[in-house]
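# Descriptive analysis of the structure
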Amino acid sequence: MSEAPSQPPAKVTAVALASRKGAGERVVAVTAYDVTFARLADQAGVDVVLVGDSLGMVIQGHSSTLPVTLDEMVYHCRAASRGVARAHLVADMPFMSYQASVEDGMRAAGRLIKEGGAHAVKVEGGVDAAPLIQRLVAAGVPVMGHVGMTPQSVHAFGGFKVQGRTSSQREKILADARAVADAGAYAMVIESVPRKLAAEITLGVPALTIGIGAGAACDGQVLVMHDLLGLDPAWKPRFARRYGKLGEAAQAAFSAYAADVRDGRFPSDDESFE
Ligand code: KIV
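What you see is a predicted model, and the numbers here were worked out from it, not measured in a lab. (Residues numbered from 1 in each chain as written. Predicted model: local features only at pLDDT ≥ 70, side-chain atom pairs only at ≥ 80, totals over all residues. Heavy atoms only, no water.)

## Thoughts on the side chain of Ser64
Just so we agree on the cut-off: Helix and strand labels come from DSSP, where a helix needs a run of H or I of at least four residues and a strand needs a run of E of at least two; each type is numbered from the N terminus. Any residue under 20% of the maximum accessible area for its type is buried, any over 50% is exposed, and the rest in between are partly exposed; the area is computed with a 1.4 Å probe on protein chains only. Here a polar contact means two N or O atoms within 3.5 Å. Within protein one must be a hydrogen donor candidate and the other an acceptor candidate, and residues neighboring in sequence count only if both atoms are side-chain atoms. Any pair of residues with heavy atoms lying within 4.5 Å of one another is described as a contacting pair.
Of note, Ser64 is situated in the loop between helix 3 (55-58) and helix 4 (70-81). Look at Ser64 and you get buried, because its relative accessible area is 11%. Within the structure, the side chain of Ser64 is placed 3.1 Å from the backbone nitrogen of Leu66, a separation counted as a polar contact. Ignoring any residue separated from it by four or fewer positions in sequence, one finds Ser64 in contact with Gly56, Met57, Val154 and Phe160.

## Considering the site of the ligand
Applied cut-off: Here a residue is considered near a molecule or strand provided that any single heavy atom belonging to it is located within 4 Å of it. Areas reported as accessible are Shrake-Rupley estimates using a 1.4 Å probe. Residue values count occlusion only from the protein chains shown. Residues are sorted three ways: Asp, Glu, Lys and Arg are charged, Ala, Val, Leu, Ile, Met, Phe, Trp, Tyr, Cys and Pro are nonpolar, and all the rest, Gly among them, are polar.
Neighbouring residues of the ligand: Thr31, Leu50, Gly52, Asp53, Ser54, Asp92, Lys122, His146, Val189, Ile212 and Val222. Contacts to the ligand include Asp53, whose side-chain N or O atom sits 3.0 Å from an oxygen atom. Surface burial for the ligand is 96%, taken as the share of its 260 Å² of free accessible area covered by protein chains. Class assignment for the residues of the shell around the ligand results in four nonpolar, four polar and three charged.

## Describing the nonpolar core
Heads up, the rule is: In plain words, nonpolar cores are sets of buried Ala, Val, Leu, Ile, Met, Phe, Trp, Tyr and Cys residues tied together by side-chain atoms within 4.5 Å.
Counting residues in hydrophobic clusters, the biggest one holds 56 residues, and the most contacted among them are Met93, Val121, Val123, Met188, Ile190 and Ile201. If one sorts the elements of this core by residue count, helix 8 (residues 167-182) sits on top with six residues. Not counting residues up to four positions away in its chain, the partners in contact with Val123 are Met93, Tyr98, Ala129, Leu132, Leu136, Val143, Met144, Gly145 and His146. Judged by nonpolar contacts, the second largest core, of 17 residues, contains Ala29, Tyr186, Ala187 and Val189.

## Examining a negative patch on the surface
Heads up, the condition is: Only residues whose relative accessible area exceeds 30% and that form no salt bridge are eligible for patches; like-charged ones are grouped when within 9 Å, while nonpolar side chains (Val, Leu, Ile, Met, Phe, Trp, Tyr) are grouped when within 5 Å. Salt bridges are identified by distance alone: a Lys or Arg side-chain nitrogen within 4 Å of an Asp or Glu carboxyl oxygen. In this tally Asp and Glu are treated as negative and Lys and Arg as positive; neither His nor the chain ends contributes. Here the site of a charge means NZ on Lys, CZ on Arg, CG on Asp, or CD on Glu.
On the surface, Asp269, Asp270, Glu271 and Glu274 cluster together into a negatively charged patch. By the element assignment, Asp269 lies in the segment after helix 11 (246-262). In this structure Asp269 comes out as exposed when scored by relative accessible area, which is 67%.

## Let's talk about the pairing of strand 1 (residues 27-31)
The criterion, for reference: Following DSSP output, two strands are said to pair if at least two bridges run between them. The crossover handedness rule: strands pointing away from the viewer, path from first strand over the helix to second strand clockwise, crossover right-handed.
Most of strand 1 is tucked away, with four of its five residues classed as buried. Looking at chain direction, strand 1 and strand 8 (residues 220-223) are connected through four bridges and run parallel. Along strand 8, the bridge assignment pairs Ala29 with Val222. Remark: the strand 1/helix 2 (residues 35-43)/strand 2 (residues 48-51) crossover connection has right-handed handedness.

## With respect to the packing of aromatic side chains
Test applied: The aromatic pairing rule takes the rings of Phe, Tyr and Trp, using the six-membered ring of Trp, and pairs them if the centres are within 6.5 Å, calling planes under 30 degrees apart stacked, those over 60 edge-to-face and the rest tilted.
Scanning all chains against the criterion turns up one aromatic pair. Note on Tyr257 and Phe266: the rings are 5.9 Å apart at their centroids and 70 degrees apart in plane angle, and the pair reads as edge-to-face. Classification of Tyr257 as partly exposed rests on a relative accessible area of 49%. A relative accessible area of 38% means that Phe266 is categorised as partly exposed.

## With respect to the packing of helix 5 (residues 102-114) against helix 6 (residues 130-138)
Filter applied, for reference: Orientation is described by axes fitted as lines to C-alpha atoms, over the contacting stretch for helices, and by angles from 0 to 180 degrees between their N-to-C directions. Reported orientations rely on four angle classes, namely roughly parallel under 35 degrees, roughly antiparallel over 145, roughly perpendicular from 65 to 115, and oblique for the rest. Crossings are sorted by hand: turned counterclockwise from the far helix by less than a right angle, the near helix makes the crossing left-handed, and turned clockwise it makes it right-handed.
Taken N-terminus to C-terminus, the directions of helix 5 and helix 6 make an angle of 45 degrees; their axes are 9 Å apart at the nearest point. It follows that helix 5 is oblique to helix 6 by the angle criterion. Note that helix 5 runs across helix 6; the crossing there is right-handed. Contact with helix 5, carried on its side by Val102, Glu103, Gly105, Met106 and Ala109, involves Pro131, Leu132, Arg135 and Leu136 of helix 6 and no other residues of that element.

## Some remarks on the layout of surface pockets
Cut-off, in case you're wondering: In this analysis a 1.4 Å probe is tested at points of a 1 Å grid over the protein atoms alone, and where it fits but cannot get out there is a cavity; an open set with protein on both sides within 12 Å along at least five of seven lines is a pocket; lining residues have an atom within 4 Å of a point. Grid points are joined across faces, edges and corners, and a volume is the space filled by probe spheres set on the points.
As a volume, the second largest pocket reaches approximately 540 Å³. Taken together, 27 residues make up the lining of the second largest pocket; nearest its centre are Gly125, Gly126, Asp128, Ser153 and Lys172. When residues of the lining of the second largest pocket are assigned to their parent elements, the largest contribution, four residues, is made by helix 8. Partitioned by chemical class, the residues of the lining of the second largest pocket number eleven nonpolar, twelve polar and four charged.

Written out as structure tokens, the structure reads:
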């Protein structure tokens with residue numbers, strides 16, 4: 001008897017993700033910036049691949065996400081999109097691609113969807129970002145919000161510091177989260193806030209909450225792939241967990257290769273042509 005042809009795995013959509021709210025199935029998200037790592041994450045069953053503007057730090061070596069351009073986001077998103085078969089692909093709107101006007105934001109999101117192949121865009125901010133989120137949702141673009149420690153406001157925060165510890169910060173973050181959800185976002189990242197605040201937001205809004213440095217009560221979690229994979233042996237933020245030591249593995253492989261070349265062990269006859 002011939003086996004039934006295997007079905008391709010169902011694609012993870014914004015609609016499917018939104019329906020997980022309150023259903024107890026946590027959302028797994030990770031950043032990726034190119035085809036190789038997007039494919040590895042996709043094949044591992046990750047739900048959401050986020051082409052984050054964190055690429056400004058982990059790929060480009062800047063000290064913040066602020067220098068990242070829309071062209072660079074489109075480039076990396078397009079590369080990552082070629083590795084994604086099942087996962088939901090979200091692209092970050094970079095700094096100043098949407099803060100000056102709703103029209104700027106609409107055009108920037110259009111490029112990430114049309115040229116980058118993104119399925120949704122992520123926008124930092126809350127009350128201020130709500131008019132743009134509303135317009136994008138009305139235009140058929142799923143939007144993920146981002147509240148709490150929003151890295152594009154690093155200078156206003158005086159550094160990448162936990163937000164929401166004072167009552168005024170707390171009230172602002174709660175208002176931002178409500179505004180993002182009311183504007184129609186299907187999900188929001190909550191970054192670097194006390195876990196009780198993230199839990200309160202998670203219970204209080206209909207949108208999915210995806211935490212990073214926001215405790216275990218969120219509807220899902222996201223990590224920067226470099227932190228998760230241990231690609232930089234010298235860097236581990238408190239909120240991240242390393243699931244590999246790929247930085248050390250890569251260094252060991254480069255060293256072994258260098259030694260083989262220097263000692264004439266690479267290439268062998270088998271690795272050469274007649
Ligand atoms: O840019 C990014 O990678 C992000 C995540 C940290 C959520 O926004």
